[in-house]
Amino acid sequence: MTHIAKEKLATLLMEYPKPAGIVMGYGTAGFRARADTLPWIMIRIGILAAFRSKVKRACVGAMITASHNPEYDNGVKLIDPYGEMLEQAWEVYANNLSVLDDDIHILSDYLENLMNQLNIQANDEGIVAIAYDTRQSSPLLASIVKRAAQAFYTTIMDFELMTTPQLHYAVRCYNDNGTYGHYTEAGYFDKLCTAFQNLIEMTPNIQRFEPLAIDAANGIGAMKLAYMRQTLAKYIHIEIFNDGTRGHLNEKCGADYVKLYQKAPDGIPLTNYSKYCSIDGDADRLIYFFIDKNNQFRLLDGDRFSVLFASFLAMKLKEAKLADDVKIGVIQTAYANGRSTDYLVNKMHVPVACVPTGVKHLHHKALDYDIGVYFEANGHGTVIFSSELKSKIKMVLEDPKRTVEERLAANQIRAFINIINETVGDAIADLLATEVILSILHLNLEGWLNLYDDLPQRQLKVAVRDRTMIQTTDAERRCVTPPHLQDCIDELVSKYPSGRAFVRPSGTEDIVRVYAEALTQQEADDLADKVRVVVEQLTK
Ligand code: G16
């Protein structure tokens with residue numbers, strides 16, 4: 001470590017000291033907490049981003065956002081060269097750096113050891129792409145990451161305001177030398193919108209698009225959607241509400257609010273549209289909803305996207321006569337409604353895997369398939385396609401012996417792949433993919449909802465003294481600690497036919513999450529509430 005790097009680091013440590021007694025872990029989606037408690041961790045993450053880039057000899061990303069959390073929170077997560085979440089082995093370094101106090105000697109000793117261990121030379125090149133959401137605290141936090149990375153001779157690509165998935169996309173494109181697309185925001189929209197138009201134009205008898213009202217959670221998505229809205233105006237009429245001009249970020253609006261409370265967001269008229277959707281604060285989650293004939297609010301969550309996307313792709317594979325050669329699978333978490341899993345496995349005959357919460361886990365598992373469809377029930381997800389699958393599509397398209405219908409289906413899959421952001425769950429890409437599938441299949445939201453009936457469910461947030469007291473196993477479906485908690489949950493669940501419940505500590509908020517489902521809403525609510533009481537008692 002050079003003398004200059006040490007000096008720059010010492011200055012940053014003095015400017016942004018670590019508060020006494022603070023403990024922070026790299027959680028479900030990086031470090032996340034109240035924004036005013038975060039500057040010190042940005043120093044550590046800036047250094048780690050520089051190191052990661054030097055080791056991988058590629059650009060890595062640092063996204064400043066707390067996504068679905070309230071405005072007063074913020075966070076940071078690192079993006080690996082292929083646009084995916086930071087490799088889990090490196091989360092250990094992030095946690096080690098978080099434990100270290102502000103002593104420049106101790107910190108530089110640790111960093112020098114790490115450089116030796118990872119074979120990093122002080123003058124190795126590094127490049128870090130930084131972007132942030134609309135939170136007031138974001139520019140300052142981004143500037144700290146930038147200065148810390150620069151202390152280690154790293155070039156910064158400053159994208160400023162971007163959605164989280166846009167940064168994932170940009171990092172991938174930059175490292176792929178343009179094969180995946182152009183790394184600018186214009187490149188991102190051009191790829192998605194062109195693929196959307198192509199898919200519409202190649203599909204005979206496509207249904208007209210009904211106007212769509214979007215709740216943009218008063219976040220970054222509003223300004224980005226405005227650009228897309230204009231480009232696609234010829235095909236679909238989009239109205240944007242909760243665009244940040246009046247309400248507060250994620251407050252009584254946005255995908256998390258709509259899913260958690262199972263009700264429509266504030267700030268959007270509920271009479272004029274047949275289709276609504278909500279995105280979250282950094283536009284990586286998407287939820288659809290509508291008001292039915294009986295004036296009831298009806299929700300279409302992440303499980304529904306899995307079913308819709310997997311159905312469409314399975315149908316097109318069959319039409320392209322590729323179904324026998326391609327392994328398609330769906331990845332879910334414990335939050336997936338039992339009926340969605342049942343529908344996928346028993347009606348669609350698609351294999352389903354269950355992994356712990358966090359798209360990093362779902363994405364990793366999805367790599368086992370040629371087409372890996374992954375969505376968390378909260379609306380966070382995407383589809384990934386293997387290179388073998390992409391080659392097979394190309395072969396069908398280039399084979400003159402294939403029929404017009406087979407080639408059309410292959411072409412539709414190819415266009416669909418280009419709408420999808422394969423790097424991470426992306427509300428904008430998922431929205432375009434959903435709209436075009438619904439139109440191709442001539443489905444409205446009611447028809448989509450009627451594919452299966454959800455089991456009534458309830459989610460609760462429980463504030464406890466120390467959420468790390470709860471530890472889980474079996475993809476978070478069972479508790480290991482505190483003692484007796486799982487026995488109590490099992491006993492409660494046994495009293496409800498088709499009942500299921502679990503608890504887990506959140507990795508993004510200082511709370512414990514309780515999930516329950518049962519045959520009626522009343523029973524799901526009762527079960528969730530009883531589990532809450534047990535959690536509160538056993539974590540006192
Ligand atoms: C993040 C993660 C998601 C996860 C969610 C909630 O979403 O990216 O994978 O489901 O947090 O996690 P937890 O239950 O651990 O708090 P987002 O949209 O906030 O980035």
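Here, every reference points to the structure presented above.
These numbers were taken from a predicted model, which means no experiment stands behind them. (Residues numbered from 1 in each chain as written. Predicted model: local features only at pLDDT ≥ 70, side-chain atom pairs only at ≥ 80, totals over all residues. Heavy atoms only, no water.)

**A few points about the nonpolar core**
Then, number 1: With 79 residues, the main nonpolar core has Phe196, Met228, Tyr288, Phe309, Ile371 and Phe416 as its most contacted residues.
Then, number 2: With ten residues, the top contributor of residues to this core is helix 15 (residues 427–440).
Then, number 3: For Tyr288, the residues in contact, after removing those within four places along its chain, are Leu212, Tyr276, Cys277, Arg298, Leu299, Leu300, Phe305, Leu431, Thr434, Glu435, Leu445 and Trp448.
Then, number 4: In this structure, Trp40, Ile45, Tyr110 and Tyr132 belong to the second largest nonpolar core, which totals 52 residues. (Core = buried A, V, L, I, M, F, W, Y, C linked by side-chain atoms within 4.5 Å. Buried < 20%, exposed > 50% of the residue type's maximum accessible area, 1.4 Å probe, protein only. Helix = DSSP H or I, 4+ residues; strand = E, 2+ residues; numbered from the N terminus. Contact = heavy atoms within 4.5 Å.)

**Here we look at the packing of helix 7 (residues 185–202) against helix 14 (residues 404–419)**
Then, number 1: Two elements in contact, helix 7 and helix 14, have axes whose closest approach is 8 Å; the angle formed by their N-to-C orientations is 155 degrees. It follows that helix 7 is roughly antiparallel to helix 14 by the angle criterion. Crossing geometry of helix 7 relative to helix 14 is assigned as left-handed. For the pair helix 7 and helix 14, contact is made by Lys191, Leu192, Ala195, Phe196, Leu199 and Met202 and by Leu408, Asn411, Gln412, Ala415, Phe416, Asn418 and Ile419, respectively. (Axes fitted to C-alpha atoms, helices over the stretch in contact; angles between N-to-C directions. Parallel < 35°, antiparallel > 145°, perpendicular 65-115°, else oblique. Left-handed = near helix turned anticlockwise from the far one by under 90°.)

**What to know about the environment of Thr11**
Then, number 1: Residue placement: Thr11 occurs in helix 1 (residues 3–15).
Then, number 2: On the basis of relative accessibility, which here comes to 39%, the residue Thr11 falls in the partly exposed class.
Then, number 3: With 93 residues separating them along the chain, Thr11 and Ile104 place their C-alpha atoms 9.6 Å apart.

**Overview of the site of the ligand**
Then, number 1: By nearness alone, 19 residues border the ligand, and Thr28, His68, Glu376, Ser506 and Thr508 come closest of all.
Then, number 2: Take Asn378: an N or O atom from its side chain is 2.9 Å from an oxygen atom of the ligand.
Then, number 3: Between the ligand and Arg504, the relevant distance is 2.7 Å, taken from an oxygen atom to a side-chain nitrogen or oxygen of the residue.
Then, number 4: Here the ligand loses 98% of its free accessible area of 460 Å² to cover by the protein chains.
Then, number 5: Broken down by class, the residue content of the shell around the ligand amounts to two nonpolar, ten polar and seven charged. (Near = heavy atom within 4 Å. Polar contact = N/O pair within 3.5 Å; in protein donor to acceptor, adjacent residues only side chain to side chain. Areas by Shrake-Rupley, 256 points an atom, 1.4 Å probe, with all protein chains shown as cover. Nonpolar A, V, L, I, M, F, W, Y, C, P; charged D, E, K, R; others polar.)

**So, the packing of aromatic side chains**
Then, number 1: Using the criterion set out here, one finds 28 aromatic pairs in the structure.
Then, number 2: Seen in terms of ring centroids, Phe189 and Tyr227 are 4.8 Å apart; in terms of plane orientation they differ by 35 degrees. Their pairing is tilted. Of the two residues, Phe189 sits in helix 7 while Tyr227 sits in helix 8 (residues 220–231), which places them 38 residues apart along the sequence.
Then, number 3: Exposure remark for Phe189: the relative accessible area of 2% places this residue in the buried category. (Phe/Tyr/Trp six-rings, centres within 6.5 Å; stacked < 30°, edge-to-face > 60°.)

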